[in-house]
Amino acid sequence: VSAPNEFDVMFKLEVPRIQLEEYRNSGAYYFVKFKRNPKGNPLSQFLEEEILSASKMLSKFRKIIKEEIKNIEDADVIVERKRRGSPAVTLLIGKPEKISVDVILALESKSSWPASTQEGMPIDDWLGAKVKNKLRRQPFYLVPKHAKEGNGFQEETWRLSFSHIEKDILSNHGEDKKCCEKRGIKCCRKDCLKLMKYLLEQLKKKFENRKELDKFCSYHVKTAFFHICTRDPDDSQWCFKDLEFRFDNCVAYFLQCLRTEQLVHYFIPGVNLFSQDQIDKTSKEFLSKQIEYERNNGFPVFDEF
């Protein structure tokens, strides 16, 4: 939709033989322990009473990046201020138009995926059971994202991340394996996702002085999009000439999620991303109202910035 100015980079550390302890039946957040005595383990310095401290590791990671940036001479790079609860170290590169790069520390585990994911990733009717089994054999990742605890955060938790799987799904998104390849037929799936992300981005820009949209992020849009792909798995339903109609369908589904306060995590079905404790009702109603207005008026916000 516009020139790419945001990038995510995952910095992965392979951690053999870890034991996960689910945090408060969350399905998504875990304490990480080592199965064996970790004395010879270089990560043992980050242990806090047997638990691998997410906050300690993130602080050290941030410190290393800050030190390394001092050695960069031929580019203008600054580290953005730490955002509370964020697992990323954000770099702003270049002047005057800055490129934002999120560097995310991730633990890579080659064990089988946690039980909370068992019923997740419902791609059987869309991409097929074979693809699903292949994807489930890939490692999973844990990022130092703190779980909410009352008004604060539990700073030692790690959150499951499937961004690499999402990337795979988006790269091979058609029921026909040649969808959008040079000799294949181009569909409009990715364009719908881009437009949905852009819509949210523009609304967040428009209302940046209000707090109602603070908790919404592109991940909500992506999750809704995956559910729409599951619901409408046929390539024939995504013909490129139908982009406008399909985009409207996606917007309608997202509005439904906001109104019913139901957006099930695509990989961890026990998690509702739009539950009351994740995002308050007032914020959901505000976003719903703004999207409804845009939809009824031909999306004027697309031309505003």
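Description of the structure in this document. (Residues numbered from 1 in each chain as written. Predicted model: local features only at pLDDT ≥ 70, side-chain atom pairs only at ≥ 80, totals over all residues. Heavy atoms only, no water.)

## Description of the overall build of the protein chain
Keep this limit in mind: For helices the rule is a DSSP run of H or I covering at least 4 residues; for strands it is a run of E covering at least 2, with both sets numbered from the N terminus onward. A radius of gyration in this sense is built from C-alpha atoms; the matching globule rule multiplies 2.2 Å by the number of residues raised to 0.38. Exposed residues in this analysis have more than 50% of their type's maximum accessible area, buried residues have under 20%, and partly exposed residues fall in between, with area computed by a 1.4 Å probe over protein chains only. Contact between two residues is taken to exist if any of their heavy atoms lie within 4.5 Å; hydrogens are not considered. All accessibility values rest on the Shrake-Rupley procedure with a 1.4 Å probe; residue burial counts only the protein chains present in the view.
Per the secondary structure count, the protein chain includes seven helices and twelve strands. In terms of overall size, the protein chain behaves like a compact globule, its C-alpha atoms giving a radius of gyration of 21 Å where 305 residues would be expected to give roughly 19 Å. Counting the 305 residues in the protein chain, one finds 47% classified as buried. Of all intrachain contacts in the protein chain linking residues separated by at least 6 positions in sequence, the fraction that spans at least 24 positions is 62%. Accessible surface for the protein chain amounts to roughly 17,400 Å². Of this, 49% is attributable to carbon and sulfur atoms.

## Focus on the packing of aromatic side chains
In plain terms, the rule: Only Phe, Tyr and Trp rings are paired, with Trp represented by its six-membered ring, and only when their centres lie within 6.5 Å; those with planes under 30 degrees apart are stacked, over 60 edge-to-face, the remainder tilted.
In this structure the tally under the stated criterion is 15 aromatic pairs. Relative to F286, the ring of F207 lies with its centre 5.1 Å away and its plane at 80°, an arrangement referred to as edge-to-face. With a gap of 79 residues between them, F207 in the loop between α4 (189-206) and α5 (218-231) and F286 in helix α7 (residues 281-296) connect regions that are remote in the sequence. Owing to a relative accessible area of 11%, F286 belongs among the buried residues under this scheme. Aromatic side chains F254 and F274 sit 5.9 Å apart centroid to centroid with 70° between the ring planes, which places their arrangement in the edge-to-face category. Placement of the pair is F254 in helix α6 (residues 243-260) and F274 in the loop between α6 and α7, with a sequence separation of 20 residues. An identical accessibility class is assigned to F254 and F274; each is buried.

## Here we look at the layout of surface pockets
Put simply, the rule is: For each structure, a 1 Å grid was placed over the protein atoms alone; sets of points admitting a 1.4 Å probe that cannot get out are labelled cavities, open sets with protein on both sides within 12 Å along at least five of seven lines are labelled pockets, and lining residues have an atom within 4 Å of a point. Grid points are joined across faces, edges and corners, and a volume is the space filled by probe spheres set on the points.
In this structure, the second largest pocket encloses a volume near 320 Å³. Together, 15 residues line the second largest pocket, and F11, K60, F61, I64 and I65 are the ones closest to its centre. Sorting elements by how many residues they give to the lining of the second largest pocket places helix α1 (residues 54-69) first, with seven residues.

## Section: the environment of K281
Tracing the backbone shows K281 in helix α7. K281 sits in the partly exposed class, given a relative accessible area of 38%. Note: C-alpha distance between K281 and L258 (23 residues apart in sequence) is 8.8 Å. With residues up to four places along the chain from it excluded, the contact list for K281 reads E261 and Q276.

Coordinates in, geometry out; function isn't part of it.
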